[in-house]
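Topology and contacts: notes
Residues per chain, in single letters:
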Amino acid sequence: MKRIPIIIILIISLVSCHKSDKEKLVKKVPIVVAFGFTLNNFDVIQDTIQDGDTFGSILEKQNIGDKKVYDIVKKVKDSFDVRMMRIDKPYTILRAKGKSKKMRAFIYQPDQLSYYVIDLKDSITVYKHIKPVTIRRRTIAGELDGSLSETLEKKGVEGSLASSISKIYAWSIDFFKLQKGDKFAITFTERYINDSVYDGVDSLKCAFFEYKGKIIYAFPFAQNENSQKLDFYDEEGKALKNLFLKAPLKFVNITSRFTKHRFHPVQQIWKAHKGTDYAAPQGTPIMTTASGVVEQTGFTAGNGNFVKVKHNGTYSTQYLHLSKIIARRGQRVNQGDIIGKVGSTGLSTGPHVCYRFWKNGVQVDALRLKLPNSEPMNKKNLPRFLAQMNPLKKELDRVANLQFKK
């Protein structure tokens, strides 16, 4: 009989251990909240719009009760344009649990930032929700290792920022000439949805790049305080995006304009004249109308002595009939630099310069073209610019000094 208590103790121990193990296996199901719903309370379907899908065809596959697809589409059309649904965009369907699987809501996400809810629980209601966005500021510094976009991506920065930077510096830096090891620093902001989901670069606040041994800064500034138009300037308030000069000569005397049909004074035939002729005394200095790199120099029978300047990936200019070429091929020239002198070489009846202009590889009329420009800094705005610029420059320099001292 003494064995009985021992057996009872063993049984109680085994039962309690089994119960304990069972409790350990039972995990608490986390509560999941999304789109304003507790998803645990629904049978959830998540999918993306496929080719051929429509709002109506998606609804027809669900149990929508006594509501008709046509009635739903008609009811929501003022708040939700069903035609805007795009392939590969995600949607979520919430259905009642149990046998009925009755559809309770349809959620469509056109982008990361927002979503539409078509609520079918009682009456049909539609609303759009925009998720809260947090803007975070970041300053990075480093040395080029490959292309600018590759270097930025290695630093955990969205590569598209490189495109924005290249446009800002298009008139100051030839990014194809940047070399491995050239230094840079950038201050920018990034968007985070719900303070956690990364949504890309928001805006560029300032930057500097080392180019051919020189540091070139870029700071955004609105000369008109009531305007949102920003142009970029260096630390002295000089515009980075250069205006094209109206003409390559200081004194303008147009003798022949751009035309598709002109009687050539030398060849004595009708042909296109794809440039603008400016007459001037022999030897008058010719200026490049914008900064760039001398792409070609030389002589042809028709053009005489000429210089061609590439300003960026879009624009190039050419200067014909020179008596003397001053610029050399591959030379970096600034707006207003003297690149040659007026002459009458090639097919010419007198001293002049024929000014030709290319946009995206096509010759165009420079006098009719709306060219990009930045408004020169007004002297009265300079103090306000410097007050905004100085803290930004200090931040760039501080981070750069810490990075490059390593």
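Conventions adopted
- Residues numbered from 1 in each chain as written.
- Predicted model: local features only at pLDDT ≥ 70, side-chain atom pairs only at ≥ 80, totals over all residues.
- Heavy atoms only, no water.
- Salt bridge = Lys/Arg side-chain N within 4 Å of Asp/Glu carboxyl O.
- Helix = DSSP H or I, 4+ residues; strand = E, 2+ residues; numbered from the N terminus.
- Buried < 20%, exposed > 50% of the residue type's maximum accessible area, 1.4 Å probe, protein only.
- pLDDT = per-residue confidence, 0-100.
- Pairing = 2+ DSSP bridges.
- Axes fitted to C-alpha atoms, helices over the stretch in contact; angles between N-to-C directions.
- Contact = heavy atoms within 4.5 Å.
- Polar contact = N/O pair within 3.5 Å; in protein donor to acceptor, adjacent residues only side chain to side chain.
- Arc of directions from axis to C-beta.
- Phe/Tyr/Trp six-rings, centres within 6.5 Å; stacked < 30°, edge-to-face > 60°.
- Core = buried A, V, L, I, M, F, W, Y, C linked by side-chain atoms within 4.5 Å.

Inspection of the entire model under this criterion finds 16 salt bridges. A salt bridge links Arg 138 to Glu 190; the nearest nitrogen and oxygen atoms lie 3.0 Å apart. Of this pair, Arg 138 sits in strand E8 (residues 133–143) while Glu 190 sits in strand E9 (residues 183–193), placing them 52 residues apart in sequence. A salt bridge links Asp 145 to Lys 180; the shortest N-O distance between them is 3.8 Å. Residue Asp 145 is found in the loop between E8 and helix H4 (148–154), and its partner Lys 180 is found in the loop between helix H5 (161–168) and E9; the two are separated by 35 residues along the sequence. A relative accessible area of 68% means that Lys 180 is categorised as exposed.

Right, let's talk about the confidence of the model for the protein chain for a bit. When pLDDT is averaged across the protein chain, the result is 85; 88% of the residues are at 70 or more. Helix H1 (residues 3–25) is the least confidently modelled element of the protein chain, averaging 53 in pLDDT, while strand E22 (residues 338–342) averages 96, the highest of any element.

Here we take up the sheet that holds E9. Read from one edge to the other, the open sheet built from five strands follows the order E8-E9-E10-E11-E12, with strand pairing classed as antiparallel. Edge positions in the sheet fall to E8 and strand E12 (231–233), since each of these pairs with one other strand and no more. Averaged over all pairs of adjacent strands, the angle between strand axes in this sheet comes to 30°, irrespective of strand direction. When strand E11 (residues 214–221) meets E12, the two strands line up antiparallel, connected through three bridges. Each bridged residue has a counterpart across the sheet, and for Phe 221 the counterpart in E12 is Asp 231. Here helix H6 (residues 382–404) sits on the sheet and contacts E8, E9, strand E10 (197–211), E11 and E12; the angle it forms with E8, its principal contact strand, is near 60°.

Our focus in this paragraph is the side chain of Glu 190. For Glu 190, a relative accessible area of 3% puts it in the buried group. Polar side-chain contacts of Glu 190 include one of 3.0 Å to the side chain of Arg 138. Excluding anything up to four places from it in sequence, Glu 190 contacts Thr 134, Ile 135, Arg 136, Arg 138, Gly 156, Tyr 198, Gly 200, Val 201 and Asp 202.

Time to look at the side chain of Thr 289. Summarising the element assignment, Thr 289 is placed in the loop between strand E17 (285–287) and strand E18 (292–300). Beyond its immediate chain neighbours, meaning those up to four positions away, Thr 289 contacts Leu 243, Phe 244, Leu 245, Ala 247, Pro 248, His 311, Thr 317, Tyr 319, Gln 335 and Tyr 355.

As a further point, take H5. Three or more residues of H5 are buried, namely Leu 161, Ala 162, Ile 165 and Ile 168. The arc that holds the buried residues of H5, viewed along the axis, is 125°, so those residues lie on one side. Residues of H5 that are buried sit in contact with H4, E9, E10, E11 and E12.

Here we take up unusual backbone geometry. Phi is positive for Phe 35, which is not a glycine, with a value near 60°. Along the polypeptide, Phe 35 turns up in the loop between strand E1 (33–34) and strand E2 (37–38). One non-glycine residue, His 321, lies in positive phi territory at about 70°. Given the relative accessible area of 6%, His 321 is considered buried.

For helix H3 (residues 69–76), every residue scored as buried is listed here: Val 69, Ile 72 and Val 76. For H3, the arc enclosing every buried residue in end-on projection is 65°, short of the 170-degree limit, so these residues lie on one face. For H3, the exposed residues lying more than 90 degrees away from the buried face are Tyr 70 and Lys 75. Where the residues of H3 are buried, they touch helix H2 (55–60), strand E6 (114–119) and strand E7 (125–130).

As a further point, take the packing of aromatic side chains. Taken as a whole, this structure holds 21 aromatic pairs when the rule is applied. Aromatic side chains Phe 55 and Phe 106 sit 5.2 Å apart centroid to centroid with 70° between the ring planes, which places their arrangement in the edge-to-face category. One end of the pair, Phe 55, is in helix H2; the other, Phe 106, is in strand E5 (residues 103–108), with 51 residues separating them in the sequence. An identical accessibility class is assigned to Phe 55 and Phe 106; each is buried. Ring geometry for Phe 80 and Tyr 116: centres 5.1 Å apart, planes at 55°, overall tilted.

Moving on to the pairing of strand E19 (residues 304–310). E19 sits mainly inside the fold: six of its seven residues count as buried. Of the strand pairs in this sheet, E19 and strand E20 (residues 315–325) are connected by five bridges, and their pairing is antiparallel. Opposite Lys 310, over in E20, you have Ser 316 as the bridge partner.

On to the environment of Ile 168. Take Ile 168: it is sitting in helix H5. Residue class for Ile 168 comes out buried when judged on its relative accessible area of 15%. The spatial distance from the C-alpha of Ile 168 to the C-alpha of Asp 231 is 8.6 Å, given a sequence separation of 63 residues. Residues in contact with Ile 168, not counting those within four places in the same chain, are Leu 204, Ala 218, Phe 232 and Leu 240.

A few words now on the nonpolar core. In this structure, Leu 152, Leu 161, Ile 165, Tyr 169, Ile 186, Leu 204 and Phe 209 are the most contacted members of the largest nonpolar core, which totals 24 residues. Only H4, H5, E9, E10 and E11 provide two or more residues apiece to this core. For this core, the element with the highest residue contribution is E10, accounting for five residues. Those residues in contact with Tyr 169 that lie beyond four places of it in its chain are Phe 175, Ala 207, Phe 208, Phe 209, Ile 216, Tyr 217, Ala 218 and Leu 240. Listed in part, the 23 residues of the second largest apolar core include Ala 280, Val 333, Val 342 and Phe 357.

Our focus in this paragraph is the sheet that holds E7. Strand order in the open sheet formed by five strands is E3-E4-E5-E6-E7, and the pairing between neighbours is antiparallel. Only two strands of the sheet have a single partner each, and these edge strands are strand E3 (42–48) and E7. With direction set aside, neighbouring strand axes in the sheet form an average angle of 15°. Sheet topology note: the E6/E7 ladder contains six bridges and is antiparallel. Bridge assignment links Tyr 115 to a residue of E7, and that residue is His 129.

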